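Spelled out, the chains give:
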Amino acid sequence: MRESQGVKILMYHWISGDPGQRLRHWGVTPDQFRCQMRFLHEHGYRTLSLGEVADIVRGARSAPPRAVALTFDDGYRDFLHEAVPTLEEFGFSATVFLVADRVGESNSWDARHGDPPRPLLSWSEAAALASRGIEMGSHARTHRPLTLLSQEELREEIAGSKAIIEEKLGLAVRHFSYPHGLFDGRCLGWLREAGYETACADIRGGNRQGVDPFQLRRSLMTCHETQWSFFFKIRTGFGMREWAATAMASWSGHSAQTSAQEVP
Ligand SMILES: [Zn+2]
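Since the model is a prediction, treat every value here as computed from it, not as a measurement. (Residues numbered from 1 in each chain as written. Predicted model: local features only at pLDDT ≥ 70, side-chain atom pairs only at ≥ 80, totals over all residues. Heavy atoms only, no water.)

Q: Would you mind showing me how to read the overall build of the protein chain here?
A: Helix and strand counts for the protein chain stand at eight helices and nine strands. Compactness check: the protein chain gives a C-alpha radius of gyration of 17 Å against a globular reference of 18 Å for 264 residues, within 12% of the reference. For the C-alpha atoms alone, the extent of the protein chain along its principal axes is close to 45 × 40 × 40 Å. For the protein chain, the residues scored as buried account for 53% of the 264 residues in total. Residue pairs at least 24 apart in sequence account for 66% of intrachain contacts in the protein chain once pairs closer than 6 positions are excluded. Summed over all atoms, the accessible surface of the protein chain reaches about 11400 Å², with 49% contributed by carbon and sulfur. Considering the protein chain, the positive charge centre built from 30 side chains and the negative charge centre built from 32 side chains are found 5 Å apart. (Helix = DSSP H or I, 4+ residues; strand = E, 2+ residues; numbered from the N terminus. Rg over C-alpha atoms; globule rule 2.2 N^0.38 Å. Buried < 20%, exposed > 50% of the residue type's maximum accessible area, 1.4 Å probe, protein only. Contact = heavy atoms within 4.5 Å. Areas by Shrake-Rupley, 256 points an atom, 1.4 Å probe, with all protein chains shown as cover. Lys, Arg positive; Asp, Glu negative; His and termini not counted. Charge placed at Lys NZ, Arg CZ, Asp CG, Glu CD.)

Structure, rendered in C-alpha cells:
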C-alpha cells in the first residue's frame, strides 16, 4: 500500500450506540470512535484545522507527515457527549458543520429514509463547543442538494447560512461542507463571493498543494470501519474498494469515480 500525498480529512456524521437501520452506514459507535482516536494518538498523529489544510493546498506551508483533520457534518447533538470528551482527552481539534435553519431541530432531510430523527445541536450548545475550541462551519441552511437550486436559493444557502451562524455565535465562519456532497461551478462562485476559505467535498484522496480549496478531499468514516480499514483510509484517503477501483481505472487509462455514494 502506497501512501497517497497530502493531509487526509476524515468525515464523520453521528457518533451513536444506535447507528440506525437504513442510514447506519454513515454512523460510527462511540467505541469505534474512541478506538480510532486512540489509534491516531498512539501512532503520533496530530490534528490540523481546515485553515491549516487551506494553507497546505495553496502552497503556503508543507504537509506534516502524520496529520489529519476531523470534520463532523450536520451538527448532531451526540457530538457533545460521544466525541468531545475523547477529542479533549487526546488534544484533537475538529470542525462541526451546522445546518443553519435546522439548528436545535433534527435531521428532517433524512426522514424519507425511515430512520428515527436524530437531534441536532442547539445554538447554545454550538456556542459552548466553539468556546471549547471546536470550529463551526456551514453545511448550508436547509441541507437541500445545491445543484438543484436557483441562483437566488444558492446565495441563501451559501452566503445566508454563513451570515446566520456568524450572527448567532458571534464568530467567523470560514469553512463550508456540501450537503449530500453535491456541488457545481455556481457553488464555487458563491463560496468565493461569500468569503469562505474552504469547502469540503465527498471526493476521496489526500489534500496536497494544488488541490482546489473548494473541493477538499475527505474520507468517509462508516459503521463498517475496522482498525485495518481505518489505517488504510488515513494512509491513502480511500476505502479499500475505492482504492482498487481507482487503481484499475488508472491502469486502464480511465479516470475513476472517486466519490462514493451520495452522503446524507
Ligand atoms: Zn449532511
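Q: When you look at the pairing of strand β3 (residues 67–74) in this model, what are you seeing that I'm missing?
A: A regular strand places its side chains so that they alternate between the two faces of the sheet. Counted residue by residue, β3 has eight buried out of eight residues, so it is predominantly covered. Where strand β1 (residues 8–12) lies against β3, five bridges are found, and the strand directions are parallel. Looking at the pairing, M11 lines up with T71 of β3. Two elements, strand β2 (residues 46–47) and β3, share two bridges in a ladder whose sense is parallel. (Pairing = 2+ DSSP bridges.)

Q: Can you help me understand helix α7 (residues 227–236) in this one?
A: Because each turn of an α-helix spans 3.6 residues, side chains separated by three or four positions in sequence point in the same direction. Along α7, the positions that sit buried rather than exposed are S229, F230, F232, K233, I234 and T236. The inward-facing, buried residues of α7 contact β1, α1 (30–42), β3, β9 (219–220) and α8 (240–251). Following α7 by one or two positions, G237 has its phi on the positive side, about 85°.

Q: Quick question: what am I supposed to make of the packing of aromatic side chains here?
A: By convention here, two paired aromatic rings are described through the distance between centres and the angle between planes. In this structure the tally under the stated criterion is 15 aromatic pairs. Between W14 and Y76, the aromatic rings sit 5.3 Å apart at their centres with planes inclined by 85°, giving edge-to-face as the arrangement. Of this pair, W14 sits in the loop between β1 and α1 while Y76 is found in the loop between β3 and α3 (78–90), placing the two residues 62 residues apart along the sequence. A residue is classified by how much of its surface remains accessible, and Y76, at 2% relative accessible area, is buried. Considering the side-chain rings of W228 and F231, the 5.8 Å spacing of their centres and the 40° angle between planes classify their relative orientation as tilted. Taken together, the positions of W228 and F231, both in helix α7 and three residues apart, correspond to about one turn of that helix. Looking at W228, the relative accessible area reads 46%, which means it is partly exposed. The positively charged end of K162 is found above the aromatic ring belonging to Y196, 5.8 Å away from the centroid. (Phe/Tyr/Trp six-rings, centres within 6.5 Å; stacked < 30°, edge-to-face > 60°. Lys NZ or Arg CZ within 6 Å of the ring centre and 35° of its normal.)

Q: Explain the side chain of D78 here, please?
A: If you trace the backbone, D78 turns up in helix α3. One buried charged residue, D78, remains without a salt bridge, the closest side chain of opposite sign being R118 at 4.6 Å. In terms of polar contacts, D78 uses its side chain to reach the backbone amide nitrogen of I15, at 3.2 Å. (Salt bridge = Lys/Arg side-chain N within 4 Å of Asp/Glu carboxyl O. Polar contact = N/O pair within 3.5 Å; in protein donor to acceptor, adjacent residues only side chain to side chain.)

Q: I'm lost on the pattern of salt bridges in this one. Help?
A: Pairs can form between side chains of opposite charge once their charged atoms are near each other. Across all of its chains, the model carries 17 salt bridges by this definition. The partner of R144 in a salt bridge is E157, with the nearest N and O atoms 3.1 Å apart. Residue R144 is found in the loop between β5 (135–138) and α5 (151–169), and its partner E157 is found in helix α5; the two are separated by 13 residues along the sequence. Judged by relative accessible area, R144 falls into the partly exposed class, the value being 34%. One network of salt bridges, with partners in common, ties together D101, R141, E152, R155 and E156.

Q: Explain the environment of I234 here, please?
A: Positionally, I234 belongs in helix α7. Taking the C-alpha atoms as reference points, I234 and L10, 224 residues apart in sequence, are found 7.9 Å from one another. If we skip the residues at most four places from it in the chain, I234 touches K8, L10, F39, L40, Y45 and V68.

Q: What should I look at first to understand the nonpolar core in this one?
A: Where a protein is soluble and globular, its nonpolar side chains tend to be buried together. Among the nonpolar cores identified, the biggest contains 53 residues, and Y12 and L70 are the most heavily contacted of them. Looking at which element gives the most residues to this core, the answer is α3, with six residues. Setting aside chain neighbours within four positions, we find Y12 in contact with V28, F33, Q36, M37, L70, T71, F72, D73, M221 and F230. In terms of nonpolar packing, the next biggest core, distinct from the first, is built from 13 residues, L50, A67, V211 and L216 among them. (Core = buried A, V, L, I, M, F, W, Y, C linked by side-chain atoms within 4.5 Å.)

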